[in-house]
Amino acid sequence: METSTENNYFHEASYMDQAGQLRTTRVPVVQELARRGLKHLPERFVALQPEHDQYPALSSHHVSELLPSINMTKLRGNDRAEELAKLLTGAKTWGMVVVEGHGVAESVLHGVRDVVKEFFGLSFDEKKASVGSYVSVDNMGYGRNFVKSEDQPLDWIDRVTVKAAPAGATEGLHVWPQRPANFRHAIEQYVAEARNIFNDILEALPEALSLERHVFLQNFDPHETEINVRVNYYPPCPRPDQALGLTPHTDASALTLLLQFEASGGLQVLKDMEWITVPWPKDAMLVNVGDLLEIMSNGMFRSPWHRVVTQMDVERFSVALFYNPSPRTQIEPIGNCSLANDDDVEGYKKVVVGDYLQHFYRISPTVKKQAISFAKRVPRS
């Protein structure tokens, strides 16, 4: 639900307090704060204390050279050994890889950009009339997610979340924006193309490990697989040194596909105890490993701890697609335990996807990578 009072606009978020009581808090709408030309940062959005930051930030012009880039056209061809090697390096070393030559038509990408910009170009009242808000595990609709207390630092972001698959997943829910009229069509066109990228990568990763190509993809029933879509808008921020666009987190997915436009430079990943800014080419996408693939790979691929920083003079849009098996699916780590990283003595166990997701959303946000412990085996004494 959203409300407005004397030109102050709010999302309403519900949460359970420590005493188990249901509470409701009002969260300022970031886009409306930015539209007012705010010169200071409201106290609730102060998230960074640089002098107390556990990890220093590093903005490197060479990161794009270090982060492997794969060409999907070559990966789909017969002579793909080099692309498989780069994909494996990216997944093991960074938990992410740049994707070029993805085959998604330029008209489809422009369609996504146009509807996203048009939606966020609406007034607050027009947006709230166009789409509803639903507080659930999936936090669908227009609003905020992971608000758990009045004292929690808030992210400098506005977003829309929908479930694009399986078919009928949002029937009866007012979660697809009605304005612009072609919003759903444009997003679903893109999702259909993106599914091919997800499936091809999920087949290529085990091939790069000299395993059967189906070992990951067998968990994804094409009629029940879930694809969640989160459309993010990061307005200009008056104090990028104090606010975050997204709090540090991993993704509760198998794979995440990220598309950005209007600006880059917002995404940072924690690597070697430093926050590293990860740019990528304008027409490329980024794929990153989620917690579910970390479990399925028995820790061979690690979901990266990442965040989004804010920028003072530019606005940034991104569209994230989260690819998951059905919540009913039980996933398990690949059988060859020697593939697990040497420092992971526990290994991973079988988990039901829905159980893991409930755990993830129940404890998020966390100050460190914590949710994955739910899927760790207890080492033998």
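Note: the structure precedes this text.
This section reports on the structure supplied with the text. (Residues numbered from 1 in each chain as written. Predicted model: local features only at pLDDT ≥ 70, side-chain atom pairs only at ≥ 80, totals over all residues. Heavy atoms only, no water.)

## Here's the deal with the packing of helix α5 (residues 106-120) against helix α7 (residues 183-208)
Okay, step 1: One way to put it is that α5 packs onto α7 with a least axis distance of 9 Å and a crossing angle of 140 degrees. In terms of orientation, α5 and α7 fall into the oblique class. Relative to α7, the crossing made by α5 is left-handed. Judged by residue contacts, V108, L109, G111, V112, V115, V116 and F119 of α5 engage F183, A186, I187, Q189 and Y190 from α7.
Okay, step 2: Split by residue class, the contact of α5 with α7 holds 10 nonpolar, 2 polar and no charged. (Axes fitted to C-alpha atoms, helices over the stretch in contact; angles between N-to-C directions. Helix = DSSP H or I, 4+ residues; strand = E, 2+ residues; numbered from the N terminus. Parallel < 35°, antiparallel > 145°, perpendicular 65-115°, else oblique. Left-handed = near helix turned anticlockwise from the far one by under 90°. Contact = heavy atoms within 4.5 Å. Nonpolar A, V, L, I, M, F, W, Y, C, P; charged D, E, K, R; others polar.)

## Some thoughts on the environment of H174
Okay, step 1: As for its position among the elements, H174 is in the loop between β8 (158-165) and α7.
Okay, step 2: Separated by 43 residues in the primary sequence, H174 and V131 place their C-alpha atoms 5.7 Å from one another.
Okay, step 3: A polar atom in the side chain of H174 sits 3.3 Å from the backbone oxygen of S130.
Okay, step 4: Here the side chain of H174 touches V131 through a polar contact of 3.5 Å, landing on its backbone nitrogen. (Polar contact = N/O pair within 3.5 Å; in protein donor to acceptor, adjacent residues only side chain to side chain.)

## Looking at the sheet that holds strand β16 (residues 316-324)
Strand pairing in a sheet is mediated by backbone hydrogen bonds. Such pairs are either parallel or antiparallel.
Okay, step 1: The mixed open sheet is built from 8 strands, whose spatial order is β5-β6-β14-β11-β16-β9-β8-β7. The open sheet is flanked by β5 (69-71) and β7 (141-143), the only strands paired with a single partner. On average, adjacent strands in this sheet sit at an angle of 25 degrees to one another, irrespective of strand direction.
Okay, step 2: Here β5 runs beside strand β6 (residues 96-100); their pairing, made up of 3 bridges, is parallel. (Pairing = 2+ DSSP bridges.)

## Side note on the pairing of strand β13 (residues 274-277)
Okay, step 1: Pairing of strand β12 (residues 267-271) with β13 involves 4 bridges; the strand directions are antiparallel. If you follow K271 over to β13, its bridge partner there is E274.
Okay, step 2: Connecting β12 to the antiparallel partner β13 that follows it, the hairpin turn spans 2 residues, and D272 within it adopts a positive phi of roughly 55 degrees.

## Quick look at helix α10 (residues 353-363)
An α-helical segment advances 3.6 residues per turn. Residues three or four places apart therefore align on the same side.
Okay, step 1: Listed in full, the buried residues belonging to α10 are V353, G354, Y356, L357, H359, F360 and I363.
Okay, step 2: For α10, the elements touching its buried residues are α9 (291-296), β16, β17 (330-331) and β18 (351-352). (Buried < 20%, exposed > 50% of the residue type's maximum accessible area, 1.4 Å probe, protein only.)

## Re the pairing of strand β2 (residues 8-16)
Okay, step 1: Both β2 and strand β3 (residues 22-28) contribute to a ladder of 7 bridges, which runs antiparallel. What sits directly across from Y15, in β3, is R23.
Okay, step 2: Where β2 folds back onto β3 in an antiparallel hairpin, the turn is made up of 5 residues, including G20, whose phi is positive at roughly 80 degrees.

## Structural notes on the pattern of salt bridges
Okay, step 1: For the coordinates displayed, the defined rule picks out 17 salt bridges.
Okay, step 2: Salt-bridge contacts for D272 lead to K271; the nearest nitrogen and oxygen are separated by 3.6 Å.
Okay, step 3: Its relative accessible area of 60% is what places D272 among the exposed residues.
Okay, step 4: Of the residues examined, K271 reaches a relative accessible area of 16% and is grouped as buried. (Salt bridge = Lys/Arg side-chain N within 4 Å of Asp/Glu carboxyl O.)

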